[in-house]
Amino acid sequence: MSETDTVTDRPASAPKARARARLLQGGILLLLFALLPAVLVWFDRGYFYQLAMLALIFVLLAGSLHLVTGVAGLLHLGHAAFYGVGAYIAGLLAADHGIGFTIGLPLAGLGAAAIAFLVALPTMRLVSIYFAVATLAIGQMLFLVMQNWVAVTKGPNGVILFGGIDLFGLEIGSRLGIYYVVAVVVAVSIWVIHRLTDSYYGNALRSLREDDQCAGAMGLDTVRLKMEAFTIASFFAGIAGALWAYTTGYISPVDFDFFESILILAMVVVGGLGSLPGAILGALLLILLPEVLRDVGDVRNMLVGLVMFLSILFLPKGLFGEVPALALMRRHFDAAWPGAGERRVGWRG
Amino acid sequence: MTAALLEIEEATRRFGGLVAVNEVSTHVAEGELVGLIGPNGAGKTTLFNLISGFTPLTSGRVRYRGRDITGLKSHQIGRLGIARTFQNLRVFPNMSVFDNVSVGATGAVGLPFFRAVAGGRRRSDAISRRSLAALERVGLVAQADDLAANLAYGKRKYLEIARALAMHPDLLILDEPAAGLNESETAELAAFIRSLRDEGLTVMLVEHDMALVMSICERVVVLASGQKIADAPPDAVRRDPAVLEAYLGVDE
Ligand SMILES: Nc1ncnc2c1ncn2[C@@H]1O[C@H](COP(=O)(O)OP(=O)(O)OP(=O)(O)O)[C@@H](O)[C@H]1O
Ligand SMILES: [Mg+2]
């Protein structure tokens, strides 16, 4: 067969969906850089600034996990550990060496990516559920390092860093300025993730989720693609960690434990596997809802569990998902123990 | 004789004590349409898996264009120009028809992640052209945006072939493409496969539908219990006593 020229060009996604995406992108930028800052300035309360930045950081965490779990279909149970690696790199560089944002931010991302690459090398050949167990172990190991390598990480006491955010030597003092820096970093990162997943490259990753053995027969180097997705996602988790360190001025291991990984995973599942807008909405929902219901007491973990449980039962594909989470899980178990996927668990899906 | 595109030399595959493929040697010439038949469990799918790198050989060699491809990974073999379909239909169900086919094109063309971010136009154009052309070839352009899972069974079969065609292969191996199709659909498929061959594609075909194999293939290889028992034009195979014995009790 030859490439005929009679065929007209066709973009990766349908034109109508394109137009809608444009509108959505415009709306998000308007909200992020005009409306939300206006509201923040109007109320002028530190708490709201913190909350807005926390939400943005988790949007980036959920967006990056979306790449691995939602699109490539790898169940990743240790994402928060790479978030922690980024936070510690940024925090320790600032606290111990006086190295600020301009250099610390990229180093945090690269450091998290480098560690992810090294630990991924031996794990990427593991199938399905074994991979999930491996990521859980990796997350736990990194957490233990943060917790117990007191000489470097200062252990459970955490790290206090002063200095806030500097841009090429220029000190950003105002809360609004810091908000804008965080918003720009998150927006650019999400845009990159969008380009990666809404493209033929993204389709290649999706084919791993659908049937990775078959994807191999299509000429795709599946192990390499999984490594790339995992490493890139960890890079952005590291960036999110650095943002967290710079904006709060204090980091400690508990912020990066297993429950944090589950929280991020819940955001992706509730939003719907395979959908970036879904992951973003999932993050906003699971960050803002507990804050709204603050007076109920410290029930965040319970609430997260409840939202995830209800969404899996009544919204099998999450808000905008491409695949039901339960079906993916079932396939993962089936790949490890043939027949396990046939046994019915849950009500539907 | 034209140069052999694919040469299989004493290919053997054991699963524990079972010898699924037992010292099978054959070759496929460029432009040929070869059928591979045999009773259930004869080792046909396993032989395809050996060719496409899904299953490693226990012993023996596979050569493609004179090059030893034994032990290569399935994606390396795919990129060399061998595309396949599956007995148990393996389209990507939660992706659109177009996106399914684009995976085949992407695998063959290649699209590094940094190009995806930068918006690598030229490669993307090549991928979309190939994908569309493949969909056009099988008549699925109108359904390009449908979810693959929502296609009718017969159309999903064509989708799987289109995905393989988008790789621009030189050798296409089809594992029971007619399984589950009715008589008229099978006839249509036969004409389609023959037209692929007429365009210069080399095709290897596993099929239980004898009429299909005998009508379109130029040569038929017969496996039984992992061993090659015949390798001849359809008419000769039909009269071969060893083949008749292997099929005794099975249809025909
Ligand atoms: N992964 C495997 N592990 C163990 N045994 C296997 C495996 N794959 C195939 N076999 C066995 O090898 C033999 C050949 O199987 P194969 O699937 O190649 O047959 P086939 O000719 O394609 O049959 P069918 O016409 O039913 O598709 C069978 O006995 C099968 O049970
Ligand atoms: Mg078979």
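Only a predicted model underlies this, so the values are computations on that prediction, with no experimental measurement involved. (Residues numbered from 1 in each chain as written. Chains lettered and ligands numbered in written order. Predicted model: local features only at pLDDT ≥ 70, side-chain atom pairs only at ≥ 80, totals over all residues. Heavy atoms only, no water.)

1. Focus on the sheet that holds strand β10 (residues 227-232) of chain B
Residue and element names in this part refer to chain B.
Now for step 1: The strand order across the open sheet built from 6 strands is β6-β7-β8-β3-β9-β10, with neighbouring strands paired in mixed fashion. Of all strands in the sheet, those with a lone pairing partner are β6 (82-84) and β10, marking the two edges. Ignoring strand direction, the axes of neighbouring strands in this sheet form an average angle of 15°.
Now for step 2: Two elements, β6 and strand β7 (residues 171-175), share 3 bridges in a ladder whose sense is parallel. Bridging across to β7, R84 finds its partner in I173. (Pairing = 2+ DSSP bridges. Helix = DSSP H or I, 4+ residues; strand = E, 2+ residues; numbered from the N terminus. Axes fitted to C-alpha atoms, helices over the stretch in contact; angles between N-to-C directions.)

2. Thoughts on the coordination of the magnesium ion (ligand 2)
Residues and elements named next belong to chain B.
Now for step 1: The magnesium ion (ligand 2) binds to the protein through T45 (OG1) and Q87 (OE1), with metal-donor distances spanning 1.9 to 2.1 Å. Pair noted here: T45 is in helix α1 (residues 44-51) and Q87 is in the loop between β6 and α3 (97-109), with a separation of 42 residues, a long-range link.
Now for step 2: The partly exposed category is assigned to T45, whose relative accessible area is 26%. (Donors = N, O, S within 2.8 Å, 3.2 Å for Na, K, Ca; no water. Buried < 20%, exposed > 50% of the residue type's maximum accessible area, 1.4 Å probe, protein only.)

3. Let's talk about the environment of A204 of chain A
Now for step 1: The topology assignment puts A204 of chain A in helix α8 (residues 200-217).
Now for step 2: Taking the relative accessible area as the measure of exposure, A204 of chain A reaches 2% and is therefore buried.
Now for step 3: In this structure the C-alpha to C-alpha distance between A204 of chain A and E228 of chain A, which are 24 residues apart in sequence, comes to 12 Å.
Now for step 4: Beyond its immediate sequence surroundings of up to four residues, A204 of chain A is in contact with L220 and L225 of chain A together with V103 and T106 of chain B. (Contact = heavy atoms within 4.5 Å.)

4. What about the domain arrangement of chain B?
All names here are of chain B.
Now for step 1: For chain B, the domain assignment lists domain 1 (1-81 + 171-177 + 202-252) and domain 2 (87-168).
Now for step 2: Summing both sides of the interface, domain 1 and domain 2 together bury roughly 670 Å²; the carbon and sulfur share of this comes to 56%.
Now for step 3: The largest per-residue losses of area from domain 1 upon contact with domain 2 belong to L172, E176 and P177, which jointly make up 44% of the total buried on that side.
Now for step 4: Linking domain 1 with domain 2 are 0 salt bridges, by the criterion used here.
Now for step 5: Elements supplying a minimum of two residues to the side of domain 1 that touches domain 2: α2 (74-80) and β7.
Now for step 6: The greatest single-element share of the side of domain 1 that touches domain 2, amounting to 3 residues, is contributed by β7. (Domains from an automatic or database assignment. Buried area = accessible area lost by both parts, 1.4 Å probe. Salt bridge = Lys/Arg side-chain N within 4 Å of Asp/Glu carboxyl O.)

5. Here we look at a nonpolar patch on the surface
Residues and elements named next belong to chain A.
Now for step 1: A cluster of nonpolar side chains, contributed by L126, V127, Y130, F333 and W337, occupies part of the molecular surface with about 440 Å² of accessible area.
Now for step 2: The residue L126 is located in the loop between α4 (101-123) and α5 (128-148) in this model.
Now for step 3: When its relative accessible area of 35% is taken as the criterion, L126 is described as partly exposed. (Patch = residues over 30% accessible without salt bridge, like charges linked within 9 Å, V, L, I, M, F, W, Y side chains within 5 Å. Areas by Shrake-Rupley, 256 points an atom, 1.4 Å probe, with all protein chains shown as cover.)

6. Regarding the confidence of the model for chain B
Now for step 1: When pLDDT is averaged along chain B, the result is 91; 96% of the residues meet or exceed 70.
Now for step 2: With pTM at 0.90, the complex prediction returns an ipTM value of 0.91. (pLDDT = per-residue confidence, 0-100.)

7. Points about the pattern of salt bridges
All names here are of chain A.
Now for step 1: Using the criterion set out here, one finds 20 salt bridges over all chains in the structure.
Now for step 2: With its nearest N and O atoms 2.8 Å apart, the salt bridge here joins K226 to D212. On the criterion of sequence distance, the pair formed by K226 in helix α9 (residues 222-248) and D212 in helix α8 is long-range, its members being 14 residues apart.
Now for step 3: Under the relative-accessibility criterion, D212 is labelled partly exposed at 31%.
Now for step 4: Counted as one network, the salt bridges with shared partners bring together R206, R209, E210 and E322.

8. A look at the site of ligand 1
Residue and element names in this part refer to chain B.
Now for step 1: Close to ligand 1 lie 13 residues; K44, T45, T46, Q87 and H208 are nearest.
Now for step 2: The contact in question runs from an oxygen atom of ligand 1 to an N or O atom on the side chain of N40, over 3.1 Å.
Now for step 3: At a separation of 2.7 Å, an oxygen atom of ligand 1 approaches a polar side-chain atom of T45.
Now for step 4: Of all the elements in the fold, those that place two or more residues in the shell around ligand 1 are β2 (18-29) and α1.
Now for step 5: In terms of residue count, α1 provides more of the shell around ligand 1 than any other element does, 3 residues in total.
Now for step 6: Grouping the amino acids of the shell around ligand 1 by side-chain chemistry returns 4 nonpolar, 7 polar and 2 charged. (Near = heavy atom within 4 Å. Polar contact = N/O pair within 3.5 Å; in protein donor to acceptor, adjacent residues only side chain to side chain. Nonpolar A, V, L, I, M, F, W, Y, C, P; charged D, E, K, R; others polar.)

9. Some thoughts on the interface of chain A and chain B
Now for step 1: Tallying the contact residues gives 38 residues for chain A and 47 residues for chain B.
Now for step 2: When chain A packs against chain B, close to 3700 Å² is buried across both sides, 61% of that on carbon and sulfur atoms.
Now for step 3: Where chain A packs against chain B, one counts 1 salt bridge.
Now for step 4: Residue R90 of chain B pairs with D211 of chain A through a salt bridge whose shortest N-O separation is 2.8 Å.
Now for step 5: At the boundary of chain A and chain B, one finds 8 residue pairs in polar contact (both at pLDDT 80 or more).
Now for step 6: Where the side of chain A that touches chain B is concerned, the elements lending two or more residues are α7 (175-197), α8 and α9 of chain A.
Now for step 7: In terms of residue count, α8 of chain A provides more of the side of chain A that touches chain B than any other element does, 14 residues in total.

10. What about the sheet that holds strand β1 (residues 4-15) of chain B?
Either a parallel or an antiparallel arrangement is found when strands of a sheet pair, and the pairing is made through backbone hydrogen bonds.
Residues and elements named next belong to chain B.
Now for step 1: With antiparallel pairing, the 4 strands of this open sheet are ordered in space as β2-β1-β4-β5. Either end of the sheet is taken by a strand with one partner, and the two such strands are β2 and β5 (67-68).
Now for step 2: Pairing analysis gives 2 bridges linking strand β4 (residues 59-64) to β5, with the strands arranged antiparallel. Paired with R63 across the two strands is D68, which belongs to β5.
Now for step 3: Of the strands in this sheet, β1, β2 and β4 are in contact with α1, which crosses β1 at around 120°.

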